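Structure at a glance
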Amino acid sequence: MKGKCLFNYTNAMEKTIGNDGVLSTDIEHIKNEIEESYNRLFKKYENKELGFMDLIYQKDLTTYNELKKYSKDFEYIIIIGMGGSILGAQMVYEAIKGIYYNEHTTNKKVYFLDNSDPEKTFEVLNLVDLEKTLVFAISKSGNTAETIANFLIVRDRLKNNIKNYVKNIVIVANDGMLREMAEKEGYMLFDVPKNVGGRFSVLSAVGLAPLSCMGINIEMLLNGARDMDKLCKNKDIFKNPALMNAVIHYILYNKGKTVAVLMPYIERLHKFGMWYRQLWGESLGKDGKGQTPVVSVGAKDQHSQLQLYLEGPKDKIITFLRVNKFKNDLIIKNSNYLSGHNLSELLLSEQEGTEASLTSRNVPNVSIVIDELNEYTLGKLIYLYEMQTAFMGELLKINAFNQPAVEDGKRITRELLRGKSIEELTGFKSYDKNYIIEM
Ligand SMILES: O=P(O)(O)OC[C@H]1O[C@](O)(CO)[C@@H](O)[C@@H]1O
């Protein structure tokens, strides 16, 4: 599979944008810090703490190939999950199949229940033929409220409408209610390695189980990740794209670039941006540190966000995701400067124009350029970002692999559903009539 990619950081360097960029001395000044961060990360890897770095070497895909065969006669797939338990499968599916695949496929239509929004769940349940639907419920902890709630609703519908509904359910869970239900009721069950964090789990059964049933070449995903790993293990920062991009983001973060914008110039990578948002935000937002991830899709967000990036606070670093070849293209006719150009030429010229206008205003930006977007190059991109996030966590001296703060909200939600009030639970009122405006 064609897989040429490159990481271009020219427009983040002093030589291009002066003091707003990474100074030639900056990397030299922190080379010990970089080496210590690299060594700490690989010490964790040797201590078996970073399962995501082992996932990519899994050779035996038999269970996934068997699941793929098993899924052959189903016409619909519903995936139920939250955060890292669904964003990965969603972004791979959309990156490879396209954003309107459901509308034109004669194969399986896939729906993602990734929220506790009753309208979404209601609509999806009325779009599918339950008898022909394979349902994946995915939760590493097995206790995420939204996932459990959606699964109980869907399971109830299956149970009341079809015989032997057990055959329509696949569970991916290590513990909690979901695993208990799977063991008690006899659903197909996959594990997630305990040392793989949720937002780093797309190349575990969390992603590979459902993706193997959606016509995704999971072997090529892993091949791309493995080839990227060869580079990401390199101690030489000038040959290691993940380490270099982490160091650039780190140096510029320390110069006030507290916002990291990811700007794919292809619609198929919008959901990759949503996956990146959790990866970068939830991994790094610790101890008062963190770089806010923002996703903008080119060229359309030039018409909504670019003014801010160009003339607003100088607090951003922009990463372009550029794909050179598209699955299809269309020629523009009967216009002046557009005439005779393909639509892709317009899109890619806009990416170059946006890059140039940001650079001319000394807004630091880097580009990841992919020849064509397929499972192999997507596997490279996924692993690049997982390693970049891991390196960035070490540079920031925080634990990139937990998310302790979010547990508060979950506890409060559980107690609210048990009848407690916010005031009882937190001691403060979130509704004071002195601060309300009817509108
Ligand atoms: O896979 P689980 O355990 O359902 O968790 C779902 C998501 O919720 C979080 O724990 C945050 O609440 C994420 O880290 C995780 O990806």
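Throughout what follows, the structure given in this document is the object of discussion. Nothing here was measured: the structure is a model prediction, and the numbers come from that model.

Some points on the site of the ligand
Residues in close proximity to the ligand total 14 residues, the closest being Ser85, Ser139, Ser141, Thr144 and Glu282. Interatomic distance of 2.6 Å between a side-chain N/O atom of Ser139 and an oxygen atom of the ligand. At 2.9 Å, a side-chain N or O of Lys410 approaches an oxygen atom of the ligand. When each cavity is represented as a set of grid points, the ligand is found to reside in the largest pocket. Elements with a contribution of two residues or more to the shell around the ligand: helix H14 (270-284) and helix H18 (406-417). Residues belonging to the shell around the ligand are distributed by class as follows: two nonpolar, eight polar and four charged.

Focus: the sheet that holds strand S8 (residues 292-295)
Spatially, five strands are ordered S1-S10-S9-S7-S8 in an open sheet, and the strand pairing comes out mixed. In this open sheet, the two edge strands, each paired with only one partner strand, are strand S1 (5-8) and S8. Averaged over all adjacent pairs, the angle separating strand axes in this sheet is 15°, with direction ignored. Pairing of S1 with strand S10 (residues 365-372) involves four bridges; the strand directions are antiparallel. Residue pairing for S10: Cys5 is matched across the bridge by Ile370. Sitting on the sheet, helix H17 (residues 375-395) touches S1, strand S7 (259-264), strand S9 (316-325) and S10, and the angle it makes with S10 is about 155°.

A few points about the packing of aromatic side chains
Tallied over the full model, the rule gives 20 aromatic pairs. Look at Tyr70 and Phe74: their rings are 5.7 Å apart centre to centre, the planes differ by 45°, and that puts the pair in the tilted class. On the basis of relative accessible area, Tyr70 is assigned to the partly exposed category, the value being 33%. Centroid distance Phe200 to Phe401: 5.1 Å. Interplanar angle 50°. Geometry classified as tilted. Taken together, the residues Phe200 in the loop between strand S6 (188-190) and helix H11 (205-212) and Phe401 in the loop between H17 and H18 connect sequence positions 201 residues apart. Among the residues examined, Phe401 registers a relative accessible area of 23% and is labelled partly exposed. An aromatic cluster of three or more residues is present, and its members are Phe272, Trp275, Tyr276, Trp280 and Tyr385.

Brief notes about the nonpolar core
Judged by nonpolar contacts, the single largest core of 100 residues is most densely connected at Phe272 and Leu378. Among the elements that take part in this core, H17 stands out by supplying 11 residues, more than any other. Shared between two domains, this core takes at least three residues from each, and those domains are domain 1 (5-43 + 221-396) and domain 2 (55-219). Sequence-distant contacts of Phe272, defined by excluding residues within four places in its chain, comprise Met91, Leu262, Leu321, Leu378, Leu381, Ile382 and Tyr385. Leu125, Ala137, Ile169 and Ala173 belong to the second-largest nonpolar core, a separate cluster that totals 24 residues.

Some points on the pattern of salt bridges
Scanning all chains against the criterion turns up 27 salt bridges. The salt bridge involving Lys235 is made with Glu35; its shortest N-O contact spans 3.6 Å. With Lys235 in the loop between helix H12 (218-232) and helix H13 (241-253) and Glu35 in helix H3 (residues 31-46), this residue pair connects regions lying 200 residues apart in the sequence. What makes Lys235 partly exposed here is its relative accessible area of 45%. Linking Arg179 and Asp191 is a salt bridge whose minimum nitrogen-to-oxygen distance equals 2.5 Å. One end of the pair, Arg179, is in helix H10 (residues 176-185); the other, Asp191, is in the loop between S6 and H11, with 12 residues separating them in the sequence.

Some words on the sheet that holds strand S4 (residues 133-139)
Taken in spatial order, the five strands of this open sheet run S3-S2-S4-S5-S6, and their pairing is parallel. Since the sheet does not close on itself, it has two edges, and those belong to strand S3 (109-113) and S6, each with one partner. The sheet shows a mean angle of 15° between the axes of neighbouring strands, direction not considered. Note: strand S2 (residues 76-80) against S4, five bridges, orientation parallel. Within S4, the position partnered with Ile78 by the bridge is Val135. Packing against the sheet, helix H9 (residues 145-161) makes contact with S2, S3, S4 and strand S5 (169-173), and its axis sits at approximately 155° to S4.

What counts as what
- Residues numbered from 1 in each chain as written.
- Predicted model: local features only at pLDDT ≥ 70, side-chain atom pairs only at ≥ 80, totals over all residues.
- Heavy atoms only, no water.
- Near = heavy atom within 4 Å.
- Polar contact = N/O pair within 3.5 Å; in protein donor to acceptor, adjacent residues only side chain to side chain.
- 1 Å grid on protein atoms, 1.4 Å probe; cavity = no way out; pocket = protein on both sides within 12 Å on 5 of 7 lines; lining within 4 Å.
- Sits in = over half its atoms within 2 Å of the grid points.
- Helix = DSSP H or I, 4+ residues; strand = E, 2+ residues; numbered from the N terminus.
- Nonpolar A, V, L, I, M, F, W, Y, C, P; charged D, E, K, R; others polar.
- Pairing = 2+ DSSP bridges.
- Axes fitted to C-alpha atoms, helices over the stretch in contact; angles between N-to-C directions.
- Contact = heavy atoms within 4.5 Å.
- Phe/Tyr/Trp six-rings, centres within 6.5 Å; stacked < 30°, edge-to-face > 60°.
- Buried < 20%, exposed > 50% of the residue type's maximum accessible area, 1.4 Å probe, protein only.
- Core = buried A, V, L, I, M, F, W, Y, C linked by side-chain atoms within 4.5 Å.
- Domains from an automatic or database assignment.
- Salt bridge = Lys/Arg side-chain N within 4 Å of Asp/Glu carboxyl O.

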